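Working through the structure, step by step
Next come the chains, spelled out residue by residue.
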Amino acid sequence: DDLYGENSNNNIDIDVGGSTKANDAKSDTKRTAPAQPQIFENAQPTSLTDGAEGSPITQMTHILQNFDDQTFWHFQDNLAPNQYHYIPRERSQAIRYLIKLGINNPGFVTSWETSLEEKRHKVALDKWEFRAGIRKDLMALLSGLHNLCELVPWHGRKWKRVGLGDLQDLRRRKLHYKKAMLVVHPDHNQSAPPAQRAICERAFTALKEALQQEPK
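Now for a description of the structure that goes with this document. Predicted model, so just to flag it, every value in this text is computed and none were measured. (Residues numbered from 1 in each chain as written. Predicted model: local features only at pLDDT ≥ 70, side-chain atom pairs only at ≥ 80, totals over all residues. Heavy atoms only, no water.)

1. Topic: the packing of helix H9 (residues 170-184) against helix H10 (residues 194-211)
Running from N to C, H9 and H10 point in directions that differ by 155°, and their axes come no closer than 9 Å. The angle between H9 and H10 places the two elements in the roughly antiparallel class. For the pair H9 and H10, the sense of crossing is left-handed. Here H9 contributes Lys174, Tyr177, Ala180, Met181, Val183 and Val184 to the contact with H10, which in turn contributes Cys200, Ala203, Phe204, Leu207, Lys208 and Leu211. (Axes fitted to C-alpha atoms, helices over the stretch in contact; angles between N-to-C directions. Helix = DSSP H or I, 4+ residues; strand = E, 2+ residues; numbered from the N terminus. Parallel < 35°, antiparallel > 145°, perpendicular 65-115°, else oblique. Left-handed = near helix turned anticlockwise from the far one by under 90°. Contact = heavy atoms within 4.5 Å.)

Below, the structure is given as C-alpha cells:
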C-alpha cells in the first residue's frame, strides 16, 4: 500500500490535521518552504519496508524520533515547496513521509548540520569583517581575530589575542599583521579541516585588503 498516494513527490493525499505538541512547533501559517539550500535534492522515493536492523532507514528513523520538536521541523526547511506543503502534522506520519521521499540516510542529517555550521560561520565572519556594510580597519580586524579562531577546534599555529592598546602604534600593528598572516595563510592550513580552511581564506583576504588602507 502506498501511504501517500501513487506519486509521493507531486500528488500526495494525506491528512495534515490532528492535534499534537508538535503542532505548536510547526505553525499553521508555515506551509511554504523557506528559501534554503536544497540538501535533499538527491533523495529518491523509497519503500518504507526496510526491516534490516541497523540499516540506514532504521538509523534515520531513530535520529528523527530523537530530535526535539524545534529541530525536527527545522530539519524539513530544505524540502522542495511541493514536498513541504504536504508534510503531515503528526510526528510519526511526518517521519514516514520523509523516509518515503527518500530522506532515508543519516548522511542527510550530516549535510544539514554542515549547512547550519556554514551559516553560523558566515554570520560570525561578516560581523568580524564589516560594520554597517563597511569593512573594518586593520586594527579592529586584528583585535577581533581571536573570535574567528574560537569558531572551530583550531589546528596548527595558534593566534594569541591582541588588545587595541597593542595596535595603536603603526609599526607594532604591522608586526601583529604579519603574525596573523602566518596563522590564517591558506598555504599553512592545507591539512586543516574544511571549516578552518574556509575561515582562514576569508580572514586572509580581509586582512590583506585592510592593510592596503594603512599608512605607508
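2. Brief notes about helix H2 (residues 56-66)
Taken together, the buried positions of H2 are Ile57, Met60 and Leu64. Buried residues in H2, looked at end-on, bunch into an arc of 65°, giving them a common side. Those residues of H2 that are exposed and aimed more than 90 degrees away from the buried face are Gln65 and Asn66. On its buried face, H2 sits against helix H3 (69-75), helix H5 (91-101) and helix H6 (106-129). (Buried < 20%, exposed > 50% of the residue type's maximum accessible area, 1.4 Å probe, protein only. Arc of directions from axis to C-beta.)

3. Comments concerning a positive patch on the surface
A contiguous patch of positive charge, built from Lys160, Arg171, Arg172 and Lys179, is present on the exposed surface. Take Lys179: it is sitting in helix H9. For Lys179, a relative accessible area of 42% puts it in the partly exposed group. (Patch = residues over 30% accessible without salt bridge, like charges linked within 9 Å, V, L, I, M, F, W, Y side chains within 5 Å. Areas by Shrake-Rupley, 256 points an atom, 1.4 Å probe, with all protein chains shown as cover. Salt bridge = Lys/Arg side-chain N within 4 Å of Asp/Glu carboxyl O. Lys, Arg positive; Asp, Glu negative; His and termini not counted. Charge placed at Lys NZ, Arg CZ, Asp CG, Glu CD.)

4. What about the pattern of salt bridges?
Counting across every chain of the model gives seven salt bridges. Of the charged contacts in the structure, one is a salt bridge between Asp126 and Arg202, with a shortest N-O distance of 2.5 Å. Here the residue Asp126 occupies a position in helix H6, and Arg202 occupies one in helix H10, the gap between them amounting to 76 residues. Taking the shortest distance from any N to any O, the salt bridge between Glu129 and Arg202 comes out at 2.6 Å. Here Glu129, found in helix H6, pairs with Arg202, found in helix H10; they are 73 residues apart in sequence, far enough to count as distant. A single salt-bridge network, built from bridges that share partners, covers Lys122, Asp126, Glu129, Arg135, Arg202 and Glu209.

5. A short note on H10
Owing to its 3.6 residues per turn, the α-helix aligns residues three or four sequence positions apart on the same side. Compared with an ideal rise of 1.5 Å per residue, which puts 18 residues at 26 Å, H10 spans 26 Å between its outermost C-alpha atoms and is within 8% of the ideal. The complete set of buried residues in H10 reads Ala195, Gln196, Ile199, Cys200, Ala203, Phe204, Ala206, Leu207 and Ala210. (Expected span 1.5 Å × (residues − 1).)

6. Remarks on the packing of aromatic side chains
As enumerated under the stated definition, the model contains four aromatic pairs in all. Taken together, a centroid distance of 4.8 Å and an interplanar angle of 75° make the contact between Phe72 and Trp73 edge-to-face. Per residue, the accessibility class of Phe72 equals that of Trp73, and both read buried. Taken together, the ring pairs connect Phe67, Phe75 and Trp112 into an aromatic cluster. (Phe/Tyr/Trp six-rings, centres within 6.5 Å; stacked < 30°, edge-to-face > 60°.)

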